[in-house]
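As a plain string of letters, each chain reads:
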Amino acid sequence: MQSLSIQEVSCLATLPTDVFYIVLSYLDTARSVAHLAATCRGFYHLISESGWRIFVTSRFATFKLSQVDSADEWRERARSLTAQSRDWDKRAFAVDALRPPGKYRRRGFDRFNPSQSIPGNVIVDAHHRRNGGDAQDLVFWGAGEDMFALIRHTHGPKAPTDEWLGSKGASVGYRSGKDDITCVSILKDTTYNHYSQGDDPQVLVGRANGHLRLLSMDPQQFGRTLAHFRPTKTPTNEVILQKQIQSLDINYTQGVLAAATKENIIAYPLHPDQQTRFDGPGDENVSQPGEAPYIASTDAISLKDGIEPSWDFEFIRSLKFMNHGTLAMALNKSYNPLQYLTFTPTGLVKDTTAKMNGSDHVTSDSRLRTVRALLPIDMSSVASGGGSTLLSSWDDGTIQLQDLRTPSPCDRIYQDNFDISTPANALLSRGLERFVAGSAYAPVLKVFDYRWSKGYYHTESLACGNDRPYPAPRPPTIIAEPSFPENRASCDYVAGRPCRWHALSRHDYYRPNFNMWLLPPAGDSSPVYSVASPADDSPTLLVGLSGSLMEITAKSSPWPVFRPNIWPTKDVSYLRQAGSTSFIETGDGSPLPDITQSQRVPPMHRQLFRDISSDSPARAAWRKRHRLDEWVQDNPGEEDHDELHEMMSRELVVQPLA
């Protein structure tokens, strides 16, 4: 007689590995992944091997992640990204001002050699790279005619250390004002490095005098010129002048450098094998053996030649590559200030697309308008996404999102609901979760949420409750708090029904945009001239003001603790001074057709650096569930703790919706 046996019951531990990893991709908090890894040795091995990579790429799918070389780094990346997400949501930042010590000298006025007022505007770029096992954040900025760089070792044998480099422009004959640095771009692909430098970092620098050069960022020869870029005659034998570099951008797919003067666009090849070299223009600057070569342009166009009325403009402000063959241009004082060029086999051609007409939000009267900044958006992580989406900052204070594949002139509009009409000078995206806009009038960063679905919410790891997130925002527009018509103190995960607190924590009302005031120690007030970050997953944001470089770091990052206060560079010392920030919450970013809809001033939240180590357990729990960071929280009284515990558990009486 055959013995009876009980069939093995299917469970999570018996799933095939690939199916288990699919299940793992649905876990929405790092705590859930860590708890699952702690249940048994098999799960610990699987999660250690690939689980953290799956969590990061699933929850932060829209981020362009920097290179990761090991399973341990994936676990650390998960910790860093979840902490950064919490810091951005709670406005938890450490702010430092980087500047030469002492008072800036005043540039004396010379009627024979007039120069711009000082201090010089800081133009910054940043990039993360791997050099073998050494992970580095590269930062380069120009301050007037001078230039500086930081090589921060974030992982590997040299971490955590910083290398500071600097060079005064006067040491190589540059003058303040006329020779100031106007744009910089660190090479992000070593394929286009100058052959004599190997994989050492290099940077393109444009100046107000028309110089466009490739420079070395190698600590041993910082600032050495590797190549000059100068225009030659066009195929039609026209001479294009390169008087003042306004902007530059690189198409890494095609290996093309595009530079803009006030009215010309000039294209250069970046790959050494495609470059035509010559000894210099005319009888001046002729390169000698062993000196940096001059690289000839491959194409150029003067936008004011044979111009149509709709193309009339004062000067070019910025340019950005959109995709393989399209170049977007921001124009100052034009009837159509956002224009496009297309690279064709026969040269640069003006594009006539419906997107040039501006948005419906802009009034239809014929008036001159300005686009100040451009930012191409990488939509490759989104289904049917591509390289045809652009953010543009307009002089009416709106920031417009445009997809070139759609027929509408504008696909979405963002607007600061408090400081409505102030335009932005610089734009930076952090994945497809939020973007940062630097004010053109003050040291203010405007942080906007794209209002697209997110993969990670830090609030999901906090305890359930039947209360609302606190404190409630007070947006500039008077709108009612969202309702939640059910009494539910705990999430029902099987039915997919969240508790009141978790449901409302995801609502746009409780996740408002915010404006951050940067307060340098010297009390300087300046517009924002540039914004940069080494990578989407970097905890650091660099902001260029007038005379200062502000470094904003997510509070959870260990870097602010270990950085020294003074660094000697090649020619000068650089000083770090602790700053602070204040912010206000500005609503959901929807456009306001009538400025009278912005009816009140939101409260200002200022950082107060307090010691919370002696907080009672009740107060610590209150702070943890607070929407804002403890540095900007009001100190609660004991009655607040009692009310919190009561609200988390009690059944609320909810009126039925009308």
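Here, every reference points to the structure presented above.
Model, not experiment: these values are computed from the prediction.

Where side chains of opposite charge bring their charged atoms close, a pairing between them can arise. Using the criterion set out here, one finds 29 salt bridges in the structure. Glu 585 serves as the salt-bridge partner of Arg 91, at 3.3 Å between the closest nitrogen and oxygen. With Arg 91 in the loop between α4 (71–90) and β1 (93–99) and Glu 585 in strand β33 (residues 580–587), this pair connects stretches of sequence that are 494 residues apart. Judged on exposure class, the residue Arg 91 and its partner Glu 585 are both buried. Residues Asp 508 and Arg 511 are paired through a salt bridge, measuring 3.3 Å at the closest nitrogen-oxygen approach. With relative accessibility at 14%, the residue Arg 511 sits in the buried group.

On to the nonpolar core. By size, the foremost hydrophobic cluster in this structure holds 22 residues, and its most contacted members are Leu 445, Leu 541, Val 543 and Ile 552. Contributions of two or more residues to this core are made by β1, β24 (424–430), β26 (444–449), β27 (513–519), β29 (540–544) and β30 (549–554). Val 543 has contacts with Leu 445, Leu 518, Val 528, Ser 530, Ser 548, Leu 549, Met 550 and Ile 552, leaving out every residue within four places of it along the chain.

So, on to the packing of helix α2 (residues 30–37) against helix α3 (residues 41–59). α3 packs onto α2 with a crossing angle of 165 degrees between their chain directions and a minimal axis gap of 9 Å. As far as their axial angle goes, α3 and α2 are roughly antiparallel. Relative to α3, α2 is oriented so that their crossing is right-handed. Listed contacts from α3 to Ala 30, Val 33, Ala 34, Leu 36 and Ala 37 of α2 are Phe 43, Tyr 44, Ile 47, Trp 52 and Phe 55. Grouping the amino acids of the contact of α2 with α3 by side-chain chemistry returns 10 nonpolar, no polar and no charged.

What follows is about unusual backbone geometry. With an omega of -10 degrees, the peptide bond between Ala 159 and Pro 160 qualifies as cis. Mapped onto the secondary structure, Pro 160 falls in the loop between β4 (146–155) and β5 (161–167). Its identity as a non-glycine residue notwithstanding, Arg 91 has a phi of 60 degrees, on the positive side. Backbone geometry places Arg 451, a non-glycine residue, at a positive phi of 65 degrees.

Thresholds applied
- Residues numbered from 1 in each chain as written.
- Predicted model: local features only at pLDDT ≥ 70, side-chain atom pairs only at ≥ 80, totals over all residues.
- Heavy atoms only, no water.
- Salt bridge = Lys/Arg side-chain N within 4 Å of Asp/Glu carboxyl O.
- Helix = DSSP H or I, 4+ residues; strand = E, 2+ residues; numbered from the N terminus.
- Buried < 20%, exposed > 50% of the residue type's maximum accessible area, 1.4 Å probe, protein only.
- Core = buried A, V, L, I, M, F, W, Y, C linked by side-chain atoms within 4.5 Å.
- Contact = heavy atoms within 4.5 Å.
- Axes fitted to C-alpha atoms, helices over the stretch in contact; angles between N-to-C directions.
- Parallel < 35°, antiparallel > 145°, perpendicular 65-115°, else oblique.
- Left-handed = near helix turned anticlockwise from the far one by under 90°.
- Nonpolar A, V, L, I, M, F, W, Y, C, P; charged D, E, K, R; others polar.

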